[in-house]
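# Structural characterization, general
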Amino acid sequence: DQYGEITPKGFSELGRRLELACGDVFADLGSGTGRSVVQSVIEFDCSRALGIELAASRHAVAVRGLEEDQVEARTRVSFVCGDLAGKELWSSGGALEAVTVVWTCSLLFSDELMARLARRISGSESVRAVATLKRFPSGSLHGFEVERTRAPLHE
């Protein structure tokens, strides 16, 4: 079971590039232990932040960390264990209904999952920016400009 999360320094750079700010509702799809979700609220003052994680073990670590360590973020952060491209999360009243910025560390996602996720994001009226490590299938993400960047491997 391979797994990786963006570093705090890497997320700081990503947040600047995505222009995360006070009015944003941030979502980390495949949020792991939830560090970037909490960081989006603390560092960028996002109005709300959500972490969606499929693995129950990582989800439990995120919830525990929020309960134990992140007092200032608790009221604006929530974690959901489930399918990040699931219809119920993106539907009216769903956890991702009002999300404005999406981040996904998607290198290990299947092409099928990336296509499903592209359909959900394309169908959202609120998403203004998306960052992903793996490209969406050609032609599947509608309404967004593609900007490819490479982060330096060394300082």
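Criteria and cut-off values
- Residues numbered from 1 in each chain as written.
- Predicted model: local features only at pLDDT ≥ 70, side-chain atom pairs only at ≥ 80, totals over all residues.
- Heavy atoms only, no water.
- 1 Å grid on protein atoms, 1.4 Å probe; cavity = no way out; pocket = protein on both sides within 12 Å on 5 of 7 lines; lining within 4 Å.
- Points joined across faces, edges and corners; volume = space filled by probe spheres on them.
- Nonpolar A, V, L, I, M, F, W, Y, C, P; charged D, E, K, R; others polar.
- Salt bridge = Lys/Arg side-chain N within 4 Å of Asp/Glu carboxyl O.
- Helix = DSSP H or I, 4+ residues; strand = E, 2+ residues; numbered from the N terminus.
- Phe/Tyr/Trp six-rings, centres within 6.5 Å; stacked < 30°, edge-to-face > 60°.
- Buried < 20%, exposed > 50% of the residue type's maximum accessible area, 1.4 Å probe, protein only.
- Pairing = 2+ DSSP bridges.
- Axes fitted to C-alpha atoms, helices over the stretch in contact; angles between N-to-C directions.
- Expected span 1.5 Å × (residues − 1).
- Arc of directions from axis to C-beta.
- Contact = heavy atoms within 4.5 Å.

### Section: empty space enclosed by the protein
Over the atoms rolls a probe the size of a water molecule, and in doing so it shows where empty space is left. This structure, assessed with the given rule, holds one cavity of 30 Å³ or more. What the largest cavity holds in volume is close to 50 Å³. Along its surface, the largest cavity is lined by Gly 4, Glu 5, Ile 6, Asp 28, Gly 30, Ser 31, Ser 36, Trp 103 and Cys 105. The class makeup of the residues in the lining of the largest cavity is three nonpolar, four polar and two charged.

### Observations regarding the pattern of salt bridges
Summed over all chains, the structure comprises nine salt bridges. In this structure, Glu 5 and Arg 35 form a salt bridge, with 3.6 Å as the shortest nitrogen-oxygen distance. Residue Glu 5 is found in the segment before helix H1 (8-17), and its partner Arg 35 is found in helix H2 (residues 35-44); the two are separated by 30 residues along the sequence. Salt-bridge contacts for Lys 134 lead to Asp 111; the nearest nitrogen and oxygen are separated by 3.3 Å.

### Here's the deal with the packing of aromatic side chains
As enumerated under the stated definition, the model contains two aromatic pairs in all. Aromatic side chains Phe 11 and Phe 26 sit 5.4 Å apart centroid to centroid with 70° between the ring planes, which places their arrangement in the edge-to-face category. Placement of Phe 11 in helix H1 and of Phe 26 in strand E1 (residues 25-29) is noted, with a sequence separation of 15 residues between them. Assessed through its relative accessible area of 0%, Phe 26 is described here as buried. Their ring planes at 75° and their centres at 6.1 Å tell us that Phe 11 and Phe 44 sit as a pair that is edge-to-face. In this pair, Phe 11 sits in helix H1 while Phe 44 sits in helix H2, placing the two residues 33 residues apart along the sequence. Each of the two residues, Phe 11 as well as Phe 44, counts as buried. Each member of the aromatic cluster is reached from another via a ring pair, and the members are Phe 11, Phe 26 and Phe 44.

### Observations regarding the sheet that holds strand E2 (residues 48-53)
Read from one edge of the open sheet, five strands run E3-E2-E1-E4-E5, paired in parallel fashion. Two strands bound the open sheet, and with one partner strand each, they are strand E3 (77-81) and strand E5 (129-132). Neighbouring strand axes in the sheet, compared pairwise and without regard to direction, differ in orientation by 15° on average. In terms of strand pairing, strand E4 (residues 101-104) meets E5 through four bridges, oriented parallel. If you follow Trp 103 over to E5, its bridge partner there is Ala 131.

### Thoughts on helix H3 (residues 56-69)
Its 14 residues give H3 an end-to-end C-alpha distance of 20 Å, which sits within 8% of 20 Å, the value for a rise of 1.5 Å per residue. If you check which residues of H3 are buried, you get Arg 58, His 59, Ala 62 and Leu 66. Buried residues in H3, looked at end-on, bunch into an arc of 105°, giving them a common side. Turned more than 90 degrees from where H3 packs its buried face, Ala 56, Ser 57, Glu 67 and Glu 68 sit exposed. In this fold, the buried residues of H3 make contact with H2, E2 and E3.

### Some remarks on helix H5 (residues 111-123)
Taking 1.5 Å of rise per residue, the 13 residues of H5 would be expected to cover 18 Å, and the 18 Å separating its terminal C-alpha atoms lies within 8% of that figure. Those residues of H5 that are buried lie in contact with E1, helix H4 (87-90), E4 and E5.

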